[in-house]
Amino acid sequence: SGFNVVTILLMIFHPFVAYAINKFVMAFTAFFGMYLLLKRFFFKKEEYPWIAIGAALCFSLLPFYSPSGLSIAGLPLLLYCFLKLKRQEGKLMHFAFIILFPFYSILSHAGLFILFCLGFIFLFALIKEKKFNLYFFAGLLILGCGYFISHFHLIFSFLNPDFISYREEIKVIPLSTKLCWQQSIENFIHD
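Source: prediction; values computed, not measured.

Soluble, globular proteins show a tendency: their nonpolar side chains are buried together. Leu78, Phe82, Phe101, Ile114 and Leu143 are the most contacted members of the largest nonpolar core, which has 36 residues in total. The set of elements that each furnish at least two residues to this core consists of helix H1 (5-12), helix H2 (15-42), helix H3 (49-60), helix H4 (70-73), helix H5 (75-86), helix H6 (92-100), helix H7 (107-129) and helix H8 (134-150). Considering each element in turn, this core owes the most residues, eight residues, to H2. In this structure, Leu143 is in contact with Leu78, Phe82, Ile98, Phe101, Pro102, Ile114, Leu115 and Leu118, ignoring residues within four places of it in sequence.

On inspection of all chains with the given rule, the structure shows two salt bridges. In this structure, Lys84 engages Glu89 in a salt bridge whose closest nitrogen and oxygen atoms are separated by 3.0 Å. Since its relative accessible area comes to 36%, Glu89 is described here as partly exposed.

Moving on: the side chain of Ser68. Following the sequence through the fold, Ser68 ends up in the loop between H3 and H4. For Ser68, a relative accessible area of 5% translates into the label buried. Looking at Ser68, its side chain comes within polar contact range of the main-chain oxygen of Tyr65, at 2.8 Å. Not counting the four nearest positions on each side in its chain, Ser68 is found in contact with Tyr104, Ser105, Ile106 and His109.

It is worth spelling out empty space enclosed by the protein at this point. Leftover empty space is mapped by rolling, across the atoms, a probe with the size of a water molecule. All told, the structure shown has two cavities of 30 Å³ or more when counted by the stated rule. In terms of lining residues, the largest cavity is bounded by Tyr35, Lys39, Phe43, Lys45, Glu46, Tyr48, Pro49 and Ala52. Residue composition of the lining of the largest cavity, by class: five nonpolar, no polar and three charged. The calculated volume of the second largest cavity comes to roughly 40 Å³. Every residue lining the second largest cavity is listed: Lys86, Ile121, Phe122, Ala125, Glu129, Asn133 and Phe136. A per-element tally of the lining of the second largest cavity places H7 first, with four residues. Of the residues in the lining of the second largest cavity, the class split is four nonpolar, one polar and two charged.

What counts and what doesn't
- Residues numbered from 1 in each chain as written.
- Predicted model: local features only at pLDDT ≥ 70, side-chain atom pairs only at ≥ 80, totals over all residues.
- Heavy atoms only, no water.
- Core = buried A, V, L, I, M, F, W, Y, C linked by side-chain atoms within 4.5 Å.
- Buried < 20%, exposed > 50% of the residue type's maximum accessible area, 1.4 Å probe, protein only.
- Helix = DSSP H or I, 4+ residues; strand = E, 2+ residues; numbered from the N terminus.
- Contact = heavy atoms within 4.5 Å.
- Salt bridge = Lys/Arg side-chain N within 4 Å of Asp/Glu carboxyl O.
- Polar contact = N/O pair within 3.5 Å; in protein donor to acceptor, adjacent residues only side chain to side chain.
- 1 Å grid on protein atoms, 1.4 Å probe; cavity = no way out; pocket = protein on both sides within 12 Å on 5 of 7 lines; lining within 4 Å.
- Points joined across faces, edges and corners; volume = space filled by probe spheres on them.
- Nonpolar A, V, L, I, M, F, W, Y, C, P; charged D, E, K, R; others polar.

Listed below in structure tokens is the structure:
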């Protein structure tokens, strides 16, 4: 999508520079988000701060799929923001990250699962606490609308009956099992 931050980086910068900026933002967000999540919600005592730092560092060093942006790398920070909203401690910066997240992630890679899980958490809290959490619902609504805006072409392609996907044009060449194994071994050894 033209609304994706990775696409915008590639339009502005040379591909290698855009890739480096994207990887840095992903690693920084992964570290910062995991550190905040662990420090504020899991390791509340100040006895072992190095555990949160070490876990955050390990998470930030994972080889995230660069074209997907913050789809996975930004999950801890997104969860942190939603947990703050659930406690009704949400601030403008939490909503700002929730607004940014759909434009720096991919709906089909993680967005649908994120919306489903957060919706489940909202419904579970609604049933258990018998209280409507307006902050959490607003965050969920903002995230859903952000994905709708940033991935409108994907959503409308499902609604348009005349749309022909490029996958329908792919010609599949049937291969025997023996030929598949030979090709796999050849690719493994030579490629």
